[in-house]
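What the coordinates show
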Amino acid sequence: MTARFLISKTPPRWLGALTIVAVLAMLVLPLLLSNYYLGLATQMMIFALFAMSLDLLIGYTGMASLGHAAYFGIAAYATGLLALNLGWNVWLALPAGLFAAALAAALFGLLALRTRGSYFLMITLALSQVVWGVASGWRSMTGGDDGLPDVPRPDLGFGVSLGADAAFYYFVLLMAGAGAFLLVRIVASPFGYALRGIRESETRMLALGYAVRRYRLAAFVLAGTFAGLAGCLYVYYNRFVSPDYLQVIRSAEVLLMVIMGGAGTLIGPAIGAALIVLLENVISAYTERWLLVLGVIYILVALFAPRGIVGFVRELRAKRGAS
Amino acid sequence: MTFWLVQTLNGISFGMLLFLLAAGLSLIFGLMKILNLTHGSFYLLGGYLGLLVLHRTGSFVLAVLAASLAIAVVGVVIERFFLRRFHLQELPQVLVTFGFLFIFSDLTTLIWGGNPQTMPKPEMFANSLQLGSFFYPSYRLFIIGFGLVVAVLLWWLQEGTRIGAMVRASVDDEEVARALGINVSLLFTLVFALGAFLAALGGVMGGPIVGVYPGADFEVLLLGFVVVIIGGLGSLKGALAGGLIVGLLDNFGKVFFPELALFTIFAPMVLILAVRPAGLFGRE
């Protein structure tokens, strides 16, 4: 049963039913939750998309980027700056943000993909720090460490404003949902299977005639673009962008979300993201030592759940199936 | 002319601190293929512990020795009990070393607060020396000399001693080295401890120049990365050359383009990356 579920391309029927129930639940959430929890749910969706975008690299292509916040932040800054300085509405500013993230990912990808392993880790981290350095140093443009306040909530035109929290929640649900749907389709496509092939054996894929470099770059740009979408949504959610968006900690956090949830599953990183967002909010209410707690979680995940939550559940099911 | 000389000396002395940091990073990677993200913490913890000992005893030498040895022990614990089980597993290694980076970062803020601390220079080097037409702080000259001595010692350790030969053998072929009876796992611990020792040494020695402050762990980790990306990971020569290059670039960048200081380091890094992805002295 488990084995067939892992191998077969068509998911089992209960998964479809579960998806429908989940979507319905998310649609009625604004009726049930206070504004605080609605905001929390909105954040969870944004970071779920962010984590899923990184999973395309880590889980499917086998490339661990330590600088994924760069694309999140670049898109956020681009959208924020265009909305503030040129008064662009969401229809223009959001695609522009995505374009900026894609462009940066293409540029950084060309450099970073010349290397492998630890070099790749270091270079992606270093490149993201370049962006952080520019954001915090170029005061006249980015406001330096103070960031850019008062980014307006999107206005869709036709009298539809997303100023209210519930309306904005639905906007994020739609955008993040669309992003997640596209990612699911991408990993299930022949392209997605080629990425898995590269993860397993680059030399074999080369021998089979795949243009591995181009596939890697395409995955890198796609991952950057979806991270950018999360960044755009986050700047509209916070109505604020600062160099914090680009910090190493943010890149490290999204990496944790992916691994804690289960790399290579998409649903896992989404769960991981929701958990970390929840934990951060709950723990920050009691203590200022969130970073300490986060550090401990890193080590615990490495020691006890290296395959993540989804991997753990699968192992459990496999055991039960075998006995 | 004086301006150029002073700034060059400033850059070289800072570069020597970066060398201490990057040498450890490089040694650890060279032998175990671990990218140690906790390395910046070793530097910062070394600085704070050095301050502690200095305040208690008033002896700079004691501060340097005690702090570096204590951090070497921390390194042994991390290697033995946490990294050991993840040999050649990149992602768990990244998680563990990230975890300790965050834990130490938060602990140091908790214990020593958010304000930068200054470390007094050792009395012997508190003065300035006259170099031709200008005066220059003798402590910075001492750092340059000290860095060179460490470089020679490390080179001798690697090329001239039995332990160095064992390390080189393990770098080349770990399995054969094990089969020959070399205790590779002990070497791992020793080299990791040495790396932590060097980073802490940089933290204490650098205290009187750059201060000891929260966030320095992330900052020097990044600079260390740039050094080994430029010089080549796993190479001592690369760590020295890269350290000096980055030290000079950083110093002149801050003087000439204060708004884009980081850029003067990263632009050359990107250039080298495009031409030689493995760095100046790295193995392809």
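Rules and cut-offs
Residues numbered from 1 in each chain as written. Chains lettered and ligands numbered in written order. Predicted model: local features only at pLDDT ≥ 70, side-chain atom pairs only at ≥ 80, totals over all residues. Helix = DSSP H or I, 4+ residues; strand = E, 2+ residues; numbered from the N terminus. Rg over C-alpha atoms; globule rule 2.2 N^0.38 Å. Buried ≥ 20, exposed ≤ 12 C-beta atoms within 10 Å, placed from the backbone. Contact = placed C-beta atoms within 7 Å. pLDDT = per-residue confidence, 0-100. Axes fitted to C-alpha atoms, helices over the stretch in contact; angles between N-to-C directions. Parallel < 35°, antiparallel > 145°, perpendicular 65-115°, else oblique. Nonpolar A, V, L, I, M, F, W, Y, C, P; charged D, E, K, R; others polar. Expected span 1.5 Å × (residues − 1). Bend = angle between axes of the 7 residues up to and from the residue. Pairing = 2+ DSSP bridges. Left-handed = near helix turned anticlockwise from the far one by under 90°.

Below, the discussion takes up the overall build of chain A. Tallying secondary structure elements over chain A gives 15 helices and four strands in all. Relative to a compact globule of 323 residues, whose C-alpha radius of gyration would be 20 Å, chain A shows 20 Å and is just as compact. Judged by the C-alpha coordinates and their principal axes, chain A covers about 60 × 50 × 45 Å. Looking at chain A as a whole, 48% of its 323 residues qualify as buried. Expressed as a percentage of contacts within chain A between residues at least 6 apart in sequence, the contacts between residues at least 24 apart total 78%.

The helix and strand inventory of chain B stands at 11 helices and two strands. Reading the secondary structure of chain B in the N-to-C direction produces α-α-α-α-β-β-α-α-α-α-α-α-α. For chain B, whose C-alpha radius of gyration is 19 Å, the value lies close to the compact-globule estimate of 19 Å for 284 residues. Overall, the C-alpha framework of chain B stretches about 60 × 45 × 35 Å when taken along its three principal axes. Looking at the 284 residues of chain B, the share that counts as buried comes to 50%. In chain B, the proportion of contacts linking residues at least 24 apart, taken out of those at least 6 apart, comes to 74%.

Moving on, we come to the confidence of the model for chain A. Confidence in the prediction of chain A, expressed as mean pLDDT, is 90, and 95% of residues score 70 or more. Here helix 1 (residues 2-7) of chain A stands out as the least confident element of chain A, with mean pLDDT 44; helix 11 (residues 212-238) of chain A is the most confident, with 97.

What follows covers unusual backbone geometry. Excluding glycine, a negative phi dihedral is what most residues carry, and trans is how most peptide bonds are arranged. Residues and elements named next belong to chain A. The residue D150 is not glycine, and still its phi comes out positive at about 65°. Mapped onto the fold, D150 is located in the loop between strand 1 (148-149) and strand 2 (155-157). One non-glycine residue, R239, adopts positive backbone phi at about 60°. Positionally, R239 belongs in the loop between helix 11 and strand 4 (240-241).

Two packed helices can be described by the angle between their axes and the distance between those axes. Residue and element names in this part refer to chain B. Taken N-terminus to C-terminus, the directions of helix 5 (residues 138-160) and helix 6 (residues 162-172) make an angle of 70°; their axes are 5 Å apart at the nearest point. As the angle between them shows, helix 5 and helix 6 are arranged roughly perpendicular. Contacts between helix 5 and helix 6 involve L157, Q158, E159 and G160 from the former and I163, G164, V167 and R168 from the latter. Classifying every residue of the contact of helix 5 with helix 6 by side-chain character gives three nonpolar, three polar and two charged.

Let us now look at the interface of chain B and chain A. Taken together, the contact between chain B and chain A spans 37 residues of the former and 31 residues of the latter. Listed by contribution, the elements that provide at least two residues to the side of chain B that touches chain A are helix 4 (90-112), helix 9 (216-231) and helix 11 (261-275) of chain B. Per-element accounting of the side of chain B that touches chain A gives the leading share, 15 residues, to helix 4 of chain B. In terms of residue class, the side of chain B that touches chain A is made up of 31 nonpolar, two polar and four charged.

All names here are of chain A. The first and last C-alpha atoms of helix 2 (residues 13-32) sit 29 Å apart over 20 residues, in line with the 28 Å expected at 1.5 Å per residue. At M26, helix 2 shows its maximal bend, which comes to roughly 30°, and the proline P30 appears one to four places after that position. Little of helix 2 sits inside the fold, with one of its 20 residues counted as buried.

Here strand 1 (residues 128-131) of chain B pairs with strand 2 (residues 134-137) of chain B via four bridges, running antiparallel. The residue bridging B:Q130 from the neighbouring strand is B:F135, located in strand 2 of chain B.

With that settled, consider the packing of helix 14 (residues 290-304) of chain A against helix 4 of chain B. Between helix 14 of chain A and helix 4 of chain B, the shortest axis-to-axis distance is 7 Å and the interhelical angle comes to 160°. Compared by their axis directions, helix 14 of chain A and helix 4 of chain B come out roughly antiparallel. In this structure, the crossing between helix 14 of chain A and helix 4 of chain B has a hand that is left-handed. Residues A:L291, A:L292, A:L294, A:G295, A:V296, A:Y298, A:I299, A:V301 and A:A302 of helix 14 of chain A lie in contact with helix 4 of chain B, whose contacting residues are B:P92, B:L95, B:V96, B:F98, B:G99, B:F100, B:F102, B:I103, B:S105, B:D106 and B:L107. Class assignment for the residues of the contact of helix 14 of chain A with helix 4 of chain B results in 16 nonpolar, three polar and one charged.

Residues and elements named next belong to chain A. By the secondary structure assignment, V310 is in helix 15 (residues 308-322). Under the C-beta neighbour-count criterion, V310 is labelled buried, with 21 such atoms within 10 Å. Sequence-wise, V310 and A112 are 198 residues apart; in three dimensions their C-alpha atoms are separated by 30 Å. Beyond its immediate stretch of four places on either side in the chain, V310 contacts G261, G262, T265, I267 and G268.

What follows concerns the environment of A:L57. All names here are of chain A. The residue L57 is located in helix 3 (residues 35-61) in this model. With 25 C-beta atoms packed within 10 Å, L57 lands in the buried category. Not counting the four nearest positions on each side in its chain, L57 is found in contact with M63, S65, A219, F220 and A223.

Residue and element names in this part refer to chain A. Here helix 4 (residues 69-85) spans 23 Å end to end across 17 residues, near enough to the 24 Å set by a 1.5 Å rise per residue. The element helix 4 is largely enclosed, with a buried count of 14 among its 17 residues. Once helix 4 finishes, G87 follows within two positions and takes phi at roughly 65°, a positive value.

This part is about the environment of A:F304. Residue and element names in this part refer to chain A. Secondary-structure assignment places F304 in helix 14. Residue classification places F304 among the exposed positions, given that 8 C-beta atoms sit within 10 Å. Sequence separation between F304 and L49 is 255 residues; the distance between their C-alpha atoms is 25 Å.

So, about the confidence of the model for chain B. In the predicted model, chain B carries a mean pLDDT of 93, and the fraction of residues at 70 or more is 99%. Here helix 11 of chain B is the element of chain B with the lowest mean pLDDT, 83, and helix 3 (residues 60-83) of chain B is the one with the highest, 97.

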